[in-house]
Amino acid sequence: MNQYDVAVIGSGPGGYVAAIRCAQLGMKTAIIEKYDTLGGTCLNVGCIPSKALLDSSHHYEDAIKHFEEHGIDIPGEIKVNLKQMIARKQDVVDQNTKGIEFLMGKNKIEVYHGMGSFKDATHINIVKDGKTETIEAKNIIIATGSKPSTLPFIKLDKERIITSTEALKLTEVPKHMIVIGGGVIGLELGQVYKRLGAEVTVVEFMDRIIPGMDGALSKELMKVLKKQKMQFNLSHKVKSVERKGKEVIVKADNKKGEEVTFTGDYCLVSVGRRPYTDGLNAEAAGVKLDDRGRIAVNDHLQTNVSNIYAIGDVVKGAMLAHKAEEEGVLVAEVLAGQKPHIDYNLIPGVVYTWPEVAAVGKTEEELKDAGVDYKVGQFSMRALGRARASMDLDGFVKIIADKKTDEVLGVHMIGARCADLIAEGVTAMEFRASAEDIARMSHAHPTYAEAVKEAALAATADRALHA
Ligand code: FAD
């Protein structure tokens, strides 16, 4: 029987990063993945393919809407070739998953393909094509991730009533896509198909989209997406989803309790994701789950069984690839006897619509609730030379700082390239910068990053220079 210092179950960003860090630290490491390709949700049916389609559809939209103004004439009709778009996406996915295979080899990590399940606290059965192999490991890291969740009364047929997984490989552009859930995944994929020509209607239970992010971002994003002709129905409680031939009928109750009917040809159910522990047989190792079906862990991501850890989407906290990665590194370093730490307040959240939305730290609502005395500096993208040059005028940067100490408590932004810009907010907060610190740093001109400096200037004695 093969023996290891560490065995990782699941090869998503949590699992494969944990495996690499364990190997770097000298541990004999194995990784187990039930699918044929490595990389988990993120690389196969999550972050990477969704961004590939967002990029392709963005190019198309630019071509049909903005090229003329830029002085680029394309003779003839510009058409979407969805088959090629999906094929390119798959190519991007394949390059990435092969990259992980390469990294496993480079780090001498043994890869097992098959369903991993606990035999006991130090043994894992791996089942592939009806054959079982058992391996032994001193320590085990559960990184089994998550799956799309649904509502109890919805029957996903995976053809027209679909989750994000199917939305990444449609064979036609929907005429009318009804998106249940105005969170990150629904809005990103909704925008893809909107750009490609679908009518898109979002039905959201809460009174705002991207709940959990700063309210100012929700408002601005909805304003911009409405301008792009996406339709929103907030405070609507979906109560049935039915398919009749090629039609999908969604019924919901609005705020007043009146029934509203939406009819489309596709319905994307994007109401969140659930932790995935099916078939893991965690009970055999004595590992406990919490009341929401997640693997219960302490601050060191250790389960109730001392040699078993869990990371990523299968444990509490934000379901984000970079959060899973940080946790993978943390567990590897804990196992190596180090004392690593994760500041969960500094895990940025990003929505890759265009304009992009990104945030780190506390929202204004959270600070209000906590009774913290704060001040806000906000600066509009449209006042930037860079934004005018590219005609990406929507959005703003909002910096929230402690009223007394000036320490930055939250950075919230919406606009072009904010997914990348947010790293400045994370760095500033990691080093406990004041708004004044950011305000005094030179930011290259002309860039979108100047909005960060200007928002910091606005937060400190209202002295933005270009407002
Ligand atoms: P996963 O990536 O889910 O990986 C778990 C792996 O474990 C899977 O490969 C699974 O097959 C395997 N597995 C499960 N059980 C077993 C078993 N018993 N035996 C063997 N293998 C098993 N996050 C971001 O940060 N940025 C984004 O832009 C982003 N976009 C997204 C877009 C979409 C459409 C979706 C669905 C998600 C997106 N996410 C994004 C979320 C991100 O994908 C997850 O947070 C991330 O993949 C979690 O990583 P993980 O390692 O915990 O689990």
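Conventions used here
- Residues numbered from 1 in each chain as written.
- Predicted model: local features only at pLDDT ≥ 70, side-chain atom pairs only at ≥ 80, totals over all residues.
- Helix = DSSP H or I, 4+ residues; strand = E, 2+ residues; numbered from the N terminus.
- Contact = placed C-beta atoms within 7 Å.
- Pairing = 2+ DSSP bridges.
- Axes fitted to C-alpha atoms, helices over the stretch in contact; angles between N-to-C directions.
- Buried ≥ 20, exposed ≤ 12 C-beta atoms within 10 Å, placed from the backbone.
- Near = placed C-beta within 6 Å.
- Nonpolar A, V, L, I, M, F, W, Y, C, P; charged D, E, K, R; others polar.
- Parallel < 35°, antiparallel > 145°, perpendicular 65-115°, else oblique.
- Left-handed = near helix turned anticlockwise from the far one by under 90°.
- UniProt positions renumbered as here; feature names shortened; annotations may be inferred.
- Expected span 1.5 Å × (residues − 1).

Student: So, the environment of Glu364: which residues are in play, and what are the values?
Tutor: In this fold, Glu364 is placed in helix α10 (residues 364–370). Those residues in contact with Glu364 that lie beyond four places of it in its chain are Asp214, Gly215, Val376 and Ile400.

Student: Which residues make up the sheet that holds strand β10 (residues 199–203), and what values do they have?
Tutor: As summarised here, the arrangement of the 5 strands in space is β8-β15-β9-β10-β11, forming an open sheet in which the pairing is parallel. On the outer flanks of this sheet lie β8 (161–162) and β11 (231–233), each paired with one strand and no other. By the bridge criterion, 5 bridges tie strand β9 (residues 176–180) to β10 in an arrangement that is parallel. Bridge pairing in β10 places Ile178 opposite Thr201. Docked against the sheet, helix α6 (residues 184–195) engages β9, β10 and β15 (266–269), running at close to 160° with respect to β10.

Student: Provide a residue-level description of the environment of Pro355, including the pertinent values.
Tutor: With respect to the element layout, Pro355 can be found in the loop between β18 (349–351) and β19 (356–361). For Pro355, a count of 22 C-beta atoms within 10 Å gives the class buried. Distance from Pro355 to Glu333, taken between C-alpha atoms, is 37 Å for residues 22 residues apart in sequence. In contact with Pro355, not counting residues within four places along its chain, are Val224, Asp392, Asp394, Gly395, Ile414, Gly415, Ala416 and Cys418.

Student: Break down the site of the ligand for me, citing the residues and quoting the values.
Tutor: By nearness alone, 38 residues border the ligand, and Gly10, Gly12, Gly40, Gly145 and Gly312 come closest of all. Going through the elements one at a time, α1 (13–24), β2 (29–33), α2 (40–45), α3 (47–66), β4 (115–120) and α9 (321–335) are the ones with two or more residues in the shell around the ligand. Of the residues that constitute the shell around the ligand, the class distribution is 17 nonpolar, 18 polar and 3 charged.

Student: I'd love a proper account of the packing of α1 against α9, names of residues and values included.
Tutor: Helix-helix packing is described using two parameters, namely the angle between the two axes and the distance between the axes. Between α1 and α9, whose axes approach to 7 Å, the crossing angle comes to 30°. The angle between α1 and α9 places the two elements in the roughly parallel class. As α1 runs across α9, the sense of the crossing is right-handed. Between α1 and α9, the residues in contact are Pro13, Gly14, Gly15, Val17, Ala18, Arg21 and Cys22 and Ala321, Ala324, Glu325, Glu327, Gly328, Val329, Val331, Ala332, Glu333 and Leu335, respectively. Here the residues of the contact of α1 with α9 sort into 10 nonpolar, 3 polar and 4 charged.

Student: Describe unusual backbone geometry, listing the residues and the values that go with them.
Tutor: The omega angle of the peptide bond from Trp354 to Pro355 is 5°, so this bond is cis rather than trans. In this chain, His445 is followed by Pro446 through a cis amide linkage whose omega measures -5°. Residue position: Pro446 is located in the loop between α13 (435–439) and α14 (450–459). One non-glycine residue, Asp129, lies in the positive phi region at around 50°. Within the secondary structure, Asp129 sits in the loop between β5 (123–128) and β6 (131–142). Residue classification places Asp129 among the exposed residues on the basis of 6 C-beta atoms within 10 Å. Residue Ser235 is not a glycine yet carries a positive backbone phi of 50°. Looking at where Ser235 falls in the secondary structure, it is placed in the loop between β11 and β12 (237–244).

Student: An account of the UniProt feature "domain: Pyridine nucleotide-disulphide oxidoreductase dimerisation" (unreviewed entry) in the protein is needed here, citing residue identities and associated values.
Tutor: Following the UniProt record, one finds the feature "domain: Pyridine nucleotide-disulphide oxidoreductase dimerisation" (unreviewed entry) at residues 347–456. From the first C-alpha to the last, residues 347–456 spans 20 Å; its make-up is 35% helix and 28% strand.

Student: Mind laying out α9, listing which residues take part and the relevant values?
Tutor: With 15 residues, α9 should cover 21 Å at 1.5 Å per step; its first-to-last C-alpha distance of 21 Å lies within 8% of that length. Counting buried positions along α9 gives 11 out of 15 residues, so the element sits mostly inside the fold. All buried positions along α9 are accounted for by Ala321, Lys323, Ala324, Glu325, Glu326, Glu327, Gly328, Leu330, Val331, Ala332 and Leu335. Packing partners of the buried residues in α9 comprise β1 (3–9), α1, α2, α3, β6 and β17 (308–310).

Student: Hey, could you go over the sheet that holds strand β14 (residues 259–264) for me, with residue numbers and the actual values?
Tutor: Taken together, 3 strands build an open sheet; the order of strands is β12-β13-β14 and the sheet is antiparallel. The open sheet has two edge strands, β12 and β14, and neither has a second partner. Neighbour to neighbour, the strand axes of the sheet diverge by 20° on average, direction disregarded. One ladder, built from 6 bridges, connects strand β13 (residues 247–253) with β14; its direction is antiparallel. Residue Val250 lies in a different strand from β14, and its bridge partner there is Phe262.

Student: Give me α1: which residues, what numbers.
Tutor: Over its 12 residues, α1 runs 16 Å from end to end, which matches the ideal 16 Å to within 8%, given 1.5 Å per residue. Among the 12 residues in α1, 11 count as buried, and that is most of the element. Residues of α1 that are buried include every one of Pro13, Gly14, Gly15, Tyr16, Val17, Ala18, Ala19, Ile20, Arg21, Cys22 and Ala23, and no others. Packed against the buried residues of α1 are β1, β2, α2, α4 (82–106), β6 and α9. Phi turns positive, to about 90°, at Gly26, one or two residues after α1.

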